[in-house]
Amino acid sequence: MPLPRRTRKLIGAVAMIVFVVVYALALMALAQGTVQDASKLAQGLFYVVGGLAWILPLMPLIRWMERPDPEA
């Protein structure tokens, strides 16, 4: 039995919130240990790439959430 779109969106929203919180904490821990002593350019590049990289792993989840409901 396929999940209705509304249920998929609820599950996906909760999963995205959990993922982004864990991702941000991991990125901060990584930055604290390694990027702190780098040049300003390297720090900026790290934060730009790290700030945008969370989108890639979540794209399949977003596609799954947005799938249309099957016709009954």
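Caption draft 1: Fine view of the overall build of the protein. A tally of helices and strands in the protein yields three helices and zero strands. Listed by position from the N terminus, the elements making up the protein come as α-α-α. Here the protein has a C-alpha radius of gyration of 17 Å; the compact-globule value for 72 residues is 11 Å, and the former is much larger. Along the first, second and third principal axes, the C-alpha set of the protein runs to 60 × 15 × 10 Å. As displayed, the protein has an accessible area near 5,700 Å², and 74% of this comes from carbon and sulfur atoms. Of the side-chain charges in the protein, 7 are positive and 4 negative, and the distance between the mean point of each set is 2 Å.

Caption draft 2: Structural view of the pattern of salt bridges. Under the counting rule described, the total for this entry stands at three salt bridges. Note that Glu66 and Arg5 form a salt bridge whose closest N and O atoms lie 2.7 Å from each other. Taken as a pair, Glu66 in helix α3 (residues 55-66) and Arg5 in helix α1 (residues 5-35) lie far apart in primary sequence, 61 residues in all. Assessed through its relative accessible area of 36%, Glu66 is described here as partly exposed. Across the pair Lys9 and Glu66 runs a salt bridge, and its minimum N-O distance is 3.5 Å.

Caption draft 3: Molecular detail of the confidence of the model for the protein. In the predicted model, the protein carries a mean pLDDT of 92, and the fraction of residues at 70 or more is 99%. Model confidence for the protein, summarised as mean pLDDT per element, is weakest for helix α2 (residues 40-53) at 93 and strongest for α3 at 95.

Caption draft 4: Focus on the packing of α1 against α2. Between α1 and α2, whose axes approach to 11 Å, the crossing angle comes to 165°. Compared by their axis directions, α1 and α2 come out roughly antiparallel. The handedness of the crossing between α1 and α2 comes out as right-handed. Across the interface between the two elements, Tyr23, Leu27, Leu30, Ala31 and Val35 from α1 touch Gln43, Phe46, Tyr47, Gly50, Gly51 and Ala53 from α2. Split into classes, the residues belonging to the contact of α1 with α2 amount to eight nonpolar, three polar and no charged.

Cut-off values and rules
Every chain is numbered on its own, with residues counted from 1 as its sequence reads. Local features in a predicted model are, by the rule used here, given only for residues with pLDDT of at least 70; side-chain atom pairs are given and counted only at 80 or more, and totals for whole chains, interfaces and linings are based on all residues. Values reported for side chains reflect all heavy atoms of the structure, with hydrogen atoms and water molecules removed beforehand. Helix numbers and strand numbers start at the N terminus; a helix is a DSSP run of H or I with at least 4 residues, a strand a run of E with at least 2. As defined in this context, the radius of gyration uses C-alpha atoms, and a globule is described by 2.2 Å times the residue total to the power 0.38. Computed with the Shrake-Rupley method and a 1.4 Å probe, the accessible areas treat only the protein chains shown as cover for residues. Asp and Glu count as negative and Lys and Arg as positive, but His and the ends of the chain are not part of the count. The location of each charge is read from NZ of Lys, CZ of Arg, CG of Asp or CD of Glu. When a carboxyl oxygen of Asp or Glu lies within 4 Å of a side-chain nitrogen of Lys or Arg, that pair is called a salt bridge. Throughout this description, buried means an accessible area under 20% of the type-specific maximum (1.4 Å probe, protein chains only), exposed means over 50%, and partly exposed covers the range between. A residue's pLDDT is simply how confident the predictor is in it, with values from 0 to 100. Axis lines are fitted through C-alpha atoms, for helices just across the contact stretch, and the angle between N-to-C directions can take any value from 0 to 180 degrees. Relative orientations are named as follows: roughly parallel for angles under 35 degrees, roughly antiparallel for angles over 145 degrees, roughly perpendicular for angles from 65 to 115 degrees, and oblique for any other angle. Each crossing gets its hand from how the near helix is turned against the far one by less than a right angle, where anticlockwise is left-handed and clockwise is right-handed. Note on contacts: a residue pair qualifies if any of its non-hydrogen atoms lie within 4.5 Å across the two residues. All residues other than Ala, Val, Leu, Ile, Met, Phe, Trp, Tyr, Cys, Pro, Asp, Glu, Lys and Arg, Gly among them, are scored as polar; the first ten of these are nonpolar and the last four charged.

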